[in-house]
Amino acid sequence: MHDAPSVAESRTGDEREPLSAGLKQRHLTMLGLGGVIGAGLFVGSGAGIAVAGPGIIVSYLIAGALAMLVMRMLGEMSSAMPASGAFSVHAERALGRWAGFSVGWLYWFLLVVVLAVEATGAAQIAHGWVPSVPQWGWVLLFMVVFTTANLAAVKNFGEFEFWFAALKVGAIVLFLGLSLLAIFGVLPDTEAVGFTNLTGQGGFLPNGWSGVVSGVLAVVFAFGGLEVVTIAAAESDDPARAVARAVRSAVYRILFFYVGSMLVIVTLLPWSSMKPGQSPYVAVLDHIGVPGAGQIMNIVVFVALLSALNANLYGSSRMVFSLAERGEAPRSLLKISDGGVPRRAVFASVAFGFISVILNLKWPDSIFHYLLNAVGAVLLFVWGLIAVSQLRLRPRIERDAPERLTLRMWCFPYLTWVALAAMGAVLVLMLTDDAARPQLLWSAAATGAVLVVAGLRELRLRATGRPAR
């Protein structure tokens, strides 16, 4: 079994991963920007507005600040110790084999289940455009295309994500520009709206702070996906510098896009007109008078879903490859193509993705519903382990290799503890929320099962003479 190296022994930019170094800085920067901009923002934000009103701006600020803190911690560790397993490797170095095993397999499970949701969602949109092709046919096409892209070379993944993310970012920038012109009455047939919608309809916080809290629960998971950039950084020319730059540029801009979008939406339209499941972006574009607003957003959401599918397939294959490197997954997954791609790891991830898609298509309200619930709160558990790992590793890095701290967590350790407390608060809120409670309980059960397996493995390894890390 391969143990994770200590801080002093970990790879630097000159001691490469065995994978290809085909990703460029522009790929990582755009991956950081686009990886988190998906259907959760374009469609799911309507549910947050419906419960929080204009206070959704505060909800996004809180959730975005938490995501920004987590990414800063992850960026600090990944720039000092770049690895294809990112936070799974960090958890192993900080807490032991059980932690690396647990967080790695939980994150892999999360990605391959969500992959099914994205493939099915994109297929539903495509089926609406071309009804003659069955939904399963579109799913098959998407899976084959993106599996091929991930098998060919990592630069293909980078190019796919670069242009996907560029389209999403461009759509949001155009949306913000048109919305601002409408707010100030510059567009034809529009009048300046002022602050009527922000302060009317029950005020800025029509449902009080409880509405803001409910809004946080509705939007916090939309920030999941940022973590993939730290996994991808290991396949760049200069991993330490690349991940630091990508994290710095991504977190601020993403917060701007999310909060900026919510600000113009609730300024232009009464919050009470928003309905869960309906895109507030479509509502704004219809209000402005953009022809075919619904189809325009369908295209953007379609691209967002395919982008997330591509990123999740990449992230899951690299995570399971890293687990195999450390002896936490079958060693057969370590085989690398001549182009530096872990093809067997890609096949393993897409195979489970296909199984998840079949479950979603045949039993969306039964078996797959339970699978989806089982990963509902996993992201928070992963974030929690990232924070605990950073608390343990920061002093070690400062002692053993301070020159590697090119990106530092703000106000360490105080903001790390604040982030942990915020995650705990979200979990408590989920427990008290009727809609979110099943997700938390099923996710806790899945996490508990993985921890039991990790504990049994640790006992077996100790019995065979392998010391715990």
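It should be noted that the structure appears before, not after, this text.
Remember, predicted model here, so these are calculated numbers, not experimental data. (Residues numbered from 1 in each chain as written. Predicted model: local features only at pLDDT ≥ 70, side-chain atom pairs only at ≥ 80, totals over all residues. Heavy atoms only, no water.)

S.K.: Can you explain the packing of helix H6 (residues 97-129) against helix H16 (residues 367-374)? Please cite residues and give values.
M.R.: The contact between H6 and H16 brings their axes to 9 Å, and the two run at 135°. In terms of their interaxial angle, H6 and H16 are classed as oblique. Every pair of crossing elements has a handedness; the one defined by H6 and H16 is left-handed. Contact residues: Phe109, Val113, Ala116 and Val117 in H6; Phe368, Leu371, Leu372 and Ala374 in H16. The residue makeup of the contact of H6 with H16, split by class, is eight nonpolar, no polar and no charged. (Axes fitted to C-alpha atoms, helices over the stretch in contact; angles between N-to-C directions. Helix = DSSP H or I, 4+ residues; strand = E, 2+ residues; numbered from the N terminus. Parallel < 35°, antiparallel > 145°, perpendicular 65-115°, else oblique. Left-handed = near helix turned anticlockwise from the far one by under 90°. Contact = heavy atoms within 4.5 Å. Nonpolar A, V, L, I, M, F, W, Y, C, P; charged D, E, K, R; others polar.)

S.K.: So what about the nonpolar core? Which residues, and what values?
M.R.: Across soluble globular proteins, nonpolar side chains have a tendency to be buried as a group. Judged by nonpolar contacts, the single largest core of 159 residues is most densely connected at Phe87, Phe142 and Trp383. Setting aside chain neighbours within four positions, we find phenylalanine 142 in contact with Ala119, Ala122, Ala123, Ala126, Phe302, Leu306 and Leu309. (Core = buried A, V, L, I, M, F, W, Y, C linked by side-chain atoms within 4.5 Å. Buried < 20%, exposed > 50% of the residue type's maximum accessible area, 1.4 Å probe, protein only.)

S.K.: Could you give an account of helix H4 (residues 56-80), naming the residues involved and the relevant values?
M.R.: With 25 residues, H4 should cover 36 Å at 1.5 Å per step; its first-to-last C-alpha distance of 36 Å lies within 8% of that length. When you tally the buried positions in H4, you get 22 out of 25 residues, the bulk of the element. (Expected span 1.5 Å × (residues − 1).)

S.K.: Explain helix H3 (residues 45-52) to me, using residue names and the numbers behind them.
M.R.: When we look at burial in H3, the residues that qualify are Ser45, Gly46, Gly48, Ile49 and Ala52. Taken around the axis of H3, the buried residues stretch over an arc of 160°, which confines them to a single face. Buried residues along H3 sit in contact with helix H2 (39-42), H4, helix H10 (208-219), helix H12 (239-268) and helix H13 (280-288). Glycine 53 sits one or two positions beyond H3 and adopts a positive phi of about 65°. (Arc of directions from axis to C-beta.)

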